[in-house]
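Commentary on secondary and tertiary structure
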Amino acid sequence: EVELPTPDNQRLVTWRVVAAPGKPTLLYFHGNAGNLASRSNRVRRYAEAGFGLLMLSYRGYGGSSGRPSEANNFADARLAYEQLRAQGLRADQIVLYGESLGSGVAVRLATEKPVGAVVLDAPYTSIVNVAIQAYPFLPVRPLLADRYESDRFIGSVKAPVLVLHGVKDGVIPVAMGRALFAAANEPKRLAIFPDGRHTDLDEYGAVQVVATWLAEVLPKR
């Protein structure tokens, strides 16, 4: 566990795993529920596969100070990326991994920074669309300040994109994952898990899917 200070004097908790030789590092943006500890089994699986990892706890989550917002989360994502680069990682050694809420952070960062690849786990088209589906009787569109409009930005992502989604996801429907995949540029791949729900795809082989795909798309050095 390493604290990451921000320019506006907040302190963010991060978990760091150093990559095995020749393996990339996942810059991991987690979902809305829980904290880093909630992802400990997933961290362990990726670490056992040799991946490096920098997992950022958003402001107000799991020991991090401050208040989360779309703008703050994007700014902190950029800061985490620059920390990896400052530690000597090449851009093509960094893989953005966005889980649920974090998929919007990953998509936006991938439009601004060079990376080796992008993995989107249970992604949405936008938080506005998720809210409209959940609350069709409310005027949510004008009420939401944090919109995370991945469908606006995915077309500007040039890195390879892998979309993972579970058919039984009861939070973000698989149709949104399919729609975001359709809007992404090649090279891209879609992995659908028939029994997968919202946060358990690693229990159905997602780690191996990610490892195999990254071995195909990342440059060999």
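Basis of the calculations
- Residues numbered from 1 in each chain as written.
- Predicted model: local features only at pLDDT ≥ 70, side-chain atom pairs only at ≥ 80, totals over all residues.
- Heavy atoms only, no water.
- Buried < 20%, exposed > 50% of the residue type's maximum accessible area, 1.4 Å probe, protein only.
- Helix = DSSP H or I, 4+ residues; strand = E, 2+ residues; numbered from the N terminus.
- Arc of directions from axis to C-beta.
- Contact = heavy atoms within 4.5 Å.
- Pairing = 2+ DSSP bridges.
- Axes fitted to C-alpha atoms, helices over the stretch in contact; angles between N-to-C directions.
- Salt bridge = Lys/Arg side-chain N within 4 Å of Asp/Glu carboxyl O.
- Phe/Tyr/Trp six-rings, centres within 6.5 Å; stacked < 30°, edge-to-face > 60°.
- Lys NZ or Arg CZ within 6 Å of the ring centre and 35° of its normal.

This brings us to helix 7 (residues 174-183). Considered for burial, the residues of helix 7 that qualify are Val174, Met176, Gly177, Leu180 and Phe181. Taken end-on, helix 7 shows its buried residues confined to a sector of 155°, consistent with a single buried face. Of the surrounding elements, those touching the buried residues of helix 7 are strand 6 (117-121), helix 4 (127-134), helix 6 (150-153), strand 7 (161-166) and strand 8 (188-193).

Right, let's get into the environment of Val95. Counting through the fold element by element, Val95 comes out in strand 5 (residues 94-99). Sequence spacing of Val95 and Trp15 is 80 residues, and the spatial spacing of their C-alpha atoms is 16 Å. Ignoring any residue separated from it by four or fewer positions in sequence, one finds Val95 in contact with Pro24, Thr25, Leu26, Leu27, Ala117, Val119, Leu214 and Leu218.

Spatial strand order, 1-2-4-3-5-6-7-8: 8 strands in an open sheet with mixed pairing. The open sheet has two edge strands with one neighbour each: strand 1 (2-5) and strand 8. This sheet shows a mean twist of 20° between the axes of neighbouring strands, independent of strand direction. Sheet strands touched by helix 1 (residues 40-48): strand 2 (11-17), strand 3 (25-29), strand 4 (52-56), strand 5 and strand 6. Its angle to strand 2, the strand with the most contacts, is close to 40°. In the packing of helix 7 onto the sheet, contacts are made with strand 6, strand 7 and strand 8, and the angle to strand 8 comes to roughly 170°.

What follows deals with the pattern of salt bridges. Where charged atoms of side chains with opposite charge meet at close range, the side chains can pair. Counted under the stated rule, the structure contains 16 salt bridges. As a salt-bridge pair, Asp8 and Arg59 come within 2.8 Å of each other at their nearest N and O atoms. A residue pair is termed long-range when its members are at least 10 positions apart, and Asp8 in the loop between strand 1 and strand 2 and Arg59 in the loop between strand 4 and helix 2 (70-86) qualify at 51 residues. Look at Arg59 and you get buried, because its relative accessible area is 5%. When the shortest N-O distance is used, the salt bridge between Arg152 and Glu149 registers 3.0 Å. Residue Arg152 is classed as exposed on the basis of its relative accessible area of 56%. Put simply, Arg39, Arg42, Arg45, Glu99, Asp121 and Asp202 are held in one network by salt bridges that share partners.

Tallying each qualifying case throughout the model produces 5 aromatic pairs. Between the aromatic rings of Tyr28 and Tyr97, the centroid separation amounts to 4.6 Å while the plane-to-plane angle is 10°, which identifies the pairing as stacked. Note that Tyr28 is positioned in strand 3 and Tyr97 in strand 5, a separation of 69 residues in sequence. According to the relative accessible area criterion, Tyr28 is buried, its value standing at 0%. A residue is classified by how much of its surface remains accessible, and Tyr97, at 0% relative accessible area, is buried. Among the aromatic residues, ring-to-ring pairing joins Tyr28, Tyr46, Phe51 and Tyr97 into one connected group. Lys23 extends its terminal NZ or CZ atom over the ring of Phe51, reaching a point 5.2 Å from the ring centre. Over the face of the ring belonging to Phe181 we find Lys188, whose NZ or CZ atom lies 4.7 Å from the ring centre.

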